[in-house]
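# Examination of the molecular architecture
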Amino acid sequence: MSIPILRCGRFGLTLQRPLLMGVLNVTPDSFSDGGRFSEPAAAIDAARRMIDEGADLLDIGAESTRPGAAPVSADDEWRRLAPVLEALAGCGCPLSVDTRKPETMRRAIAAGCDLINDIGGFREPDAIAAVAGSAVAVCVMHMRGEPATMQQAPEYRDVVADVREFLRARVDALRGAGVVGPRILVDPGIGFGKTLEHNLELIRRLPALAEIAPVLVGVSRKSMIGALTGRDVSQRLPGSLAAMLAAVARGAAVVRVHDVAASRDALAVWSSIEGSR
Ligand code: HH2
């Protein structure tokens with residue numbers, strides 16, 4: 001069987017084993033690490049540390065998406081991203097930019113990023129056009145509603161069927177616009193307009209999403225882990241590792257994590273026992 005590949009800007013990443021995407025939030029208000037890396041120098045140090053620890057990709061975000069977060073303008077978003085992207089351009093690690101804004105997508109692609117991660121699933125008018133003429137990979141995430149209101153009593157007919165239908169339609173729209181080849185990841189959007197039970201069901205039935213495209217999953221430090229363990233955000237690593245391995249066991253191709261070294265160790269042990277991935 002041929003080894004699946006993700007075409008990702010300057011890189012071709014093999015998906016033979018689960019890939020680790022390290023989270024770099026250059027925001028003053030992210031839920032888990034808000035403010036720690038809002039100065040470019042601190043962000044760049046954190047990025048280099050994650051690369052040393054074994055990150056396969058870095059996901060750089062300049063707008064917090066935690067429930068209730070305030071939106072930022074495209075210019076402010078770019079002011080936060082530009083120095084970090086410039087400093088990391090030659091770091092040898094694929095760079096993902098986490099944004100919903102077509103203008104930021106275009107600027108990030110021009111600055112040499114390799115993946116655009118859109119928690120809005122490329123629904124903004126012009127978002128698909130922003131990535132279509134480039135070689136970047138895309139991550140299409142499902143979110144119900146908007147960050148400010150998404151946790152207000154979310155309801156689904158069947159959460160897995162609804163998320164799958166949404167992701168399939170977005171992937172079809174991207175492919176129709178010329179985003180072809182193995183450049184697309186899909187993501188159930190854990191915590192984005194979902195109850196705890198919705199999140200658990202999506203992880204349990206992840207293979208239903210992997211039929212569409214390789215799946216990226218982000219559970220690291222999220223409120224789902226807090227709800228299950230009673231732990232504050234600073235103490236959610238063990239729970240995050242358990243959820244990450246449950247996702248990987250169900251076929252997650254990429255996992256988005258804050259704690260790269262610990263996640264790398266957990267994956268090394270898991271993969272050695274499982275053998276095949
Ligand atoms: N989760 C967050 C942000 N971006 N992108 C994808 N594809 N999948 C996710 O699950 C995901 C994401 C939220 O986490 P974090 O970046 O740590 O927090 P904040 O949005 O507050 O910056």
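## Considering the overall build of the protein
Each helix and strand counted, the protein has ten helices and ten strands in total. Dimensions of the protein, computed from the C-alpha atoms along their principal axes, are close to 45 × 40 × 40 Å. Here the protein holds 277 residues, and 55% of them are scored as buried. Residue pairs at least 24 apart in sequence account for 66% of intrachain contacts in the protein once pairs closer than 6 positions are excluded. Carbon and sulfur atoms make up 52% of the accessible area of the protein, which amounts to about 11,400 Å² in all. Taken as two groups, the 32 positive and 33 negative side-chain charges of the protein have centres that lie 3 Å from each other.

## Some details on the side chain of Asp 59
Tracing the chain through its elements places Asp 59 in strand 4 (residues 57–61). Among the polar contacts made by the side chain of Asp 59, one reaches the side chain of Ser 96 at a distance of 2.6 Å. A distance of 2.9 Å separates a polar atom in the side chain of Asp 59 from a polar atom in the side chain of Arg 256. Aside from chain neighbours lying at most four places away, what touches Asp 59 is Met 21, Gly 22, Val 23, Leu 24, Ser 96, Val 97, Asp 98, Asn 117 and Arg 256.

## What to know about the pairing of strand 5 (residues 95–98)
Burial along strand 5 is two-sided: Leu 95 and Val 97 and Ser 96 and Asp 98, pointing in opposite directions, are all buried. Of the strand pairs in this sheet, strand 4 and strand 5 are connected by four bridges, and their pairing is parallel. Within strand 5, the position partnered with Asp 59 by the bridge is Ser 96. Of the crossover connections in this fold, the one passing from strand 4 over helix 2 (residues 74–88) to the parallel strand 5 is right-handed.

## Side note on the packing of helix 1 (residues 40–53) against helix 2
Helix 2 packs onto helix 1 with a crossing angle of 40° between their chain directions and a minimal axis gap of 9 Å. As far as their axial angle goes, helix 2 and helix 1 are oblique. The two elements helix 1 and helix 2 meet at a crossing, and its hand is right-handed. Facing Pro 40, Ala 43, Ile 44, Ala 47 and Arg 48 of helix 1, the residues of helix 2 in contact are Pro 83, Val 84, Ala 87 and Leu 88. For the contact of helix 1 with helix 2, the class distribution of residues is eight nonpolar, no polar and one charged.

## Some remarks on empty space enclosed by the protein
Enumeration according to the criterion identifies two cavities of 30 Å³ or more in this entry. Its volume calculated, the largest cavity comes out at about 60 Å³. Every residue along the wall of the largest cavity is listed here: Val 217, Val 219, Ser 220, Leu 237, Ser 240, Leu 241, Met 244, Val 255, Arg 256, Val 257, Asp 259 and Ser 263. For the lining of the largest cavity, the elements supplying multiple residues, two or more each, are helix 9 (237–249) and strand 10 (254–257). It is helix 9 that contributes the most residues to the lining of the largest cavity, four residues altogether. Its residues placed into classes, the lining of the largest cavity shows seven nonpolar, three polar and two charged. Approximately 40 Å³ is the volume found for the second largest cavity. Around the second largest cavity, the lining residues are Glu 63, Thr 65, Glu 77, Asp 98, Thr 99, Arg 100 and Ile 119. Classifying every residue of the lining of the second largest cavity by side-chain character gives one nonpolar, two polar and four charged.

## What to know about helix 10 (residues 260–274)
With 15 residues, helix 10 should cover 21 Å at 1.5 Å per step; its first-to-last C-alpha distance of 20 Å lies within 8% of that length. Residues of helix 10 that are buried include every one of Val 260, Ser 263, Ala 266, Leu 267, Trp 270 and Ser 271, and no others. For helix 10, the buried positions fall inside an angular range of 125° around the axis, keeping them on one side. Counted as exposed and oriented over 90 degrees from the buried face of helix 10: Asp 265, Val 269, Ser 272 and Ile 273. For helix 10, the secondary structure elements touched by its buried residues are strand 3 (19–25), helix 1, helix 9 and strand 10. Positive phi shows up at Gly 275, right after helix 10, with a value of about 80°.

Procedures and definitions
- Residues numbered from 1 in each chain as written.
- Predicted model: local features only at pLDDT ≥ 70, side-chain atom pairs only at ≥ 80, totals over all residues.
- Heavy atoms only, no water.
- Helix = DSSP H or I, 4+ residues; strand = E, 2+ residues; numbered from the N terminus.
- Buried < 20%, exposed > 50% of the residue type's maximum accessible area, 1.4 Å probe, protein only.
- Contact = heavy atoms within 4.5 Å.
- Areas by Shrake-Rupley, 256 points an atom, 1.4 Å probe, with all protein chains shown as cover.
- Lys, Arg positive; Asp, Glu negative; His and termini not counted.
- Charge placed at Lys NZ, Arg CZ, Asp CG, Glu CD.
- Polar contact = N/O pair within 3.5 Å; in protein donor to acceptor, adjacent residues only side chain to side chain.
- Pairing = 2+ DSSP bridges.
- Right-handed = clockwise from strand over helix to strand, strands pointing away.
- Axes fitted to C-alpha atoms, helices over the stretch in contact; angles between N-to-C directions.
- Parallel < 35°, antiparallel > 145°, perpendicular 65-115°, else oblique.
- Left-handed = near helix turned anticlockwise from the far one by under 90°.
- Nonpolar A, V, L, I, M, F, W, Y, C, P; charged D, E, K, R; others polar.
- 1 Å grid on protein atoms, 1.4 Å probe; cavity = no way out; pocket = protein on both sides within 12 Å on 5 of 7 lines; lining within 4 Å.
- Points joined across faces, edges and corners; volume = space filled by probe spheres on them.
- Expected span 1.5 Å × (residues − 1).
- Arc of directions from axis to C-beta.

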